[in-house]
Protein chains: 2
Amino acid sequence: MDNTRDTHEGYLHLAVELAREHMQAGAGGPFGAVIVRDGTVIGRGWNRVTSDHDPTAHAEISAIRDACRTSGDFSLAGSVIYTTCEPCPMCLGAIWWARIETIYFASDRGDAARIGFDDAALYREVSLALPDRQLPLVRHHITAADQLMADWLKKEDKIPY
Amino acid sequence: MDNTRDTHEGYLHLAVELAREHMQAGAGGPFGAVIVRDGTVIGRGWNRVTSDHDPTAHAEISAIRDACRTSGDFSLAGSVIYTTCEPCPMCLGAIWWARIETIYFASDRGDAARIGFDDAALYREVSLALPDRQLPLVRHHITAADQLMADWLKKEDKIPY
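Throughout, residues of each chain are indexed from 1 in the direction in which the sequence is written. In the order they appear in the text, chains get letters beginning with A and ligands get numbers beginning with 1. Reporting of local features is limited, given that this is a predicted model, to residues whose pLDDT is at least 70; pairs of side-chain atoms are given and counted only at 80 or more, and all residues count toward the totals for whole chains, interfaces and linings. Water and hydrogen atoms were dropped before computing side-chain values, which therefore reflect all heavy atoms in the structure.

### As for the packing of helix α7 (residues 143–154) of chain A against helix α1 (residues 5–24) of chain B
Think of two packed helices as two axes; the pair is described by the angle between the axes and how far apart they sit. Axis separation between α7(A) and α1(B) bottoms out at 10 Å; the angle between their running directions is 15°. Considered as vectors, α7(A) and α1(B) are oriented roughly parallel to each other. As for how α7(A) packs across α1(B), the hand of that crossing is left-handed. Together, A:A144, A:A145, A:Q147, A:L148, A:D151 and A:W152 of α7(A) and B:H13, B:V16, B:A19, B:R20 and B:M23 of α1(B) make up the contact between the two elements. When grouped by side-chain class, the residues that make up the contact of α7(A) with α1(B) number seven nonpolar, two polar and two charged. Axes, fitted as lines to C-alpha atoms, cover a helix only where it is in contact. Angles between the N-to-C directions of the axes lie from 0 to 180 degrees. Only DSSP runs of H or I covering at least 4 residues are called helices, and only runs of E covering at least 2 are called strands; the numbering of each starts at the N terminus. Here the angle decides the label: under 35 degrees means roughly parallel, over 145 means roughly antiparallel, 65 to 115 means roughly perpendicular, and every other value means oblique. Definitions for this section: a left-handed crossing has its near helix turned counterclockwise from the far helix by less than a right angle. A right-handed crossing has that turn clockwise. The contact criterion used throughout is that any non-hydrogen atoms of two residues lie within 4.5 Å. Just so you know the grouping, Ala, Val, Leu, Ile, Met, Phe, Trp, Tyr, Cys and Pro go in nonpolar, Asp, Glu, Lys and Arg go in charged, and all remaining residues, Gly too, go in polar.

### Some remarks on the nonpolar core
What is meant by a nonpolar core is a set of buried Ala, Val, Leu, Ile, Met, Phe, Trp, Tyr and Cys residues, joined one to another through side-chain atoms within 4.5 Å. For each residue, the accessible area found with a 1.4 Å probe, counting protein chains only, is set against the maximum for its type, and the residue is called buried under 20%, exposed over 50%, and partly exposed in between. Residues A:I35, A:I64, A:L76, B:I35, B:I64 and B:L76 are the most contacted members of the largest nonpolar core, which totals 104 residues. Discounting chain neighbours no more than four positions away, the residues touching A:I35 are A:T40, A:V41, A:I42, A:G43, A:A63, A:I64, A:A67, A:L76, A:S79, A:V80, A:I81 and A:I100.

### Focus on helix α6 (residues 120–127) of chain B
Inspection of α6(B) places B:L122, B:Y123, B:E125 and B:V126 among the buried residues, and these make up the whole buried set. For α6(B), the angular spread of buried residues about the axis comes to 160°, placing them on one side. Contact partners of the buried residues in α6(B): α4 (89–97) and α6 (120–127) of chain A together with α4 (89–97) and α5 (109–114) of chain B. For this quantity, the arc is that covered by the directions from the helix axis to the C-beta atoms.

### What about the relation of the copies chain A and chain B?
Between the two copies of this chain, the relationship is a rotation about some axis together with a displacement along it. Taken as rigid bodies, chain A and chain B are interconverted by a rotation of 180° and an axial shift of 0.0 Å, the fit giving an RMSD of 0.0 Å. Considering both components of the superposition, the chain copies are consistent with a two-fold axis. Taking the C-alpha atom as reference, chain A places A:M90 closest to the rotation axis, 2.0 Å from it. Both copies contact each other with a shared surface, as 100% of the interface residues of chain A are interface residues in chain B too. Residues below a pLDDT of 70 in either copy are left out; the C-alpha atoms of the rest, at least 70 in both, set the least-squares superposition of the copies.

### A closer look at the sheet that holds strand β1 (residues 32–37) of chain B
In this description, strands pair whenever DSSP reports at least two bridges between them. Spatially, β5(A)-β4(B)-β3(B)-β1(B)-β2(B) is the arrangement adopted by the five strands of the open sheet, whose pairing is mixed. Single-partner strands in this sheet number two, and they are β5 (137–139) of chain A together with β2 (40–46) of chain B. Ignoring which end each strand starts from, the neighbouring axes of this sheet average 20° apart. As paired elements, β1(B) and β2(B) share six bridges and run antiparallel to each other. Residue pairing across strands places B:G32 opposite B:W46, the latter belonging to β2(B). Contacts between helix α3 (residues 59–71) of chain B and the sheet are confined to β1, β2 and β3 (79–85) of chain B, with β2(B) contributing the most and set at about 140° to the helix.

### Looking at the environment of B:I81
All names here are of chain B. Along the polypeptide, I81 turns up in strand β3. The class of I81 is buried, set by a relative accessible area of 0%. Each C-alpha atom of the pair I81 and P55 lies 20 Å from the other, and the pair is 26 residues apart in sequence. Setting aside anything within four residues of it in sequence, one finds I81 in contact with A33, V34, I35, E60, I95, I100, T102, I103 and Y104.

### Quick look at the interface of chain A and chain B
Between chain A and chain B, the residue contacts involve 88 residues of the former and 88 residues of the latter. What counts as buried area is the accessible surface, traced by a 1.4 Å probe, that two parts surrender upon association, with contributions from both included. Between chain A and chain B lies a buried interface of about 8,100 Å² when both sides are counted; carbon and sulfur atoms form 71% of it. By definition, a salt bridge exists where a carboxyl oxygen of Asp or Glu is found within 4 Å of a side-chain nitrogen of Lys or Arg. Joining chain A to chain B, the criterion identifies eight salt bridges. Residues B:R139 and A:D111 are paired through a salt bridge, measuring 2.9 Å at the closest nitrogen-oxygen approach. We define a polar contact as two N or O atoms separated by no more than 3.5 Å, with the added condition that, inside protein, one atom must be a possible hydrogen donor and the other a possible acceptor, whereas residues neighbouring each other in sequence contribute only through side-chain atom pairs. Viewed at the interface, chain B and chain A are joined by 24 residue pairs in polar contact (both at pLDDT 80 or more).

### Things to note about unusual backbone geometry
Trans peptide bonds make up the majority, and among non-glycine residues the majority have a negative phi. Residues and elements named next belong to chain B. One non-glycine residue, D38, lies in positive phi territory at about 50°. Checked against the element boundaries, D38 lands in the loop between β1 and β2. Even without being a glycine, H53 presents a positive backbone phi close to 50°. Tracing the sequence through the fold places H53 in the loop between α2 (49–52) and α3.

Next up, the structure:
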């Protein structure tokens, strides 16, 4: 892949254009992303939370789902993502699990906060130990859950991921 | 909602059964989740990463998408989630954005690590400042991204979320 600054900014402009087009059409917030591998765009995403009734449909997750659908693979190893804004913790996790190798972004969480999207509280939340969290987590240990995990270990035709 | 321990464990058993059924059918890993509001199950999910070619299709995210589809709403305020295992940072973020109010879980991240699912590295990653991250983030500021955010602020028919 061409690693010049112009190339990176070109893909970021593409992400901005996707975001603007779909924001204007009422899909959701002002966020877009593209995923690129070997110089080819393999996934495009934009925020569609309100139009799809899907709180997980942030631009980065939408782009990951698009790229995985296109490539028929749950791994995007060897690819990079260009996103109009620094990913929230949910999207950072999705990028991590998708094995994307580098994140390029234009606006940061401070810019996003100034237009009403505050990821800072979620970044704090994810960093805290369970007893200190704002969103309560309650553990009920049940032996059926232990057995489920043991069954996975014994399953001979499992596909690791 | 009935808050007795039996009720909570009943829903956790339901999540385990969903997980087992779909794991055995080859959908993905041994994880399941149900979302409950006012005593009714409104969403069911199981891991479908490998079968759907979707690295974001963890049980909790699948359950959130199912519940939102059923209710025609991007908010699940007033609901709780029962998941067979402590959510990873991606799923914790999804639960946060969905406005789910409490998380009940059976196995924890230590149990998951012992069967090959290690969320600890991602929990560390999300907690770090950008320059310290393992997954590189590179910022390229472009004015088109500033303009995009300004356009959102000016948009009169936007739907807040």
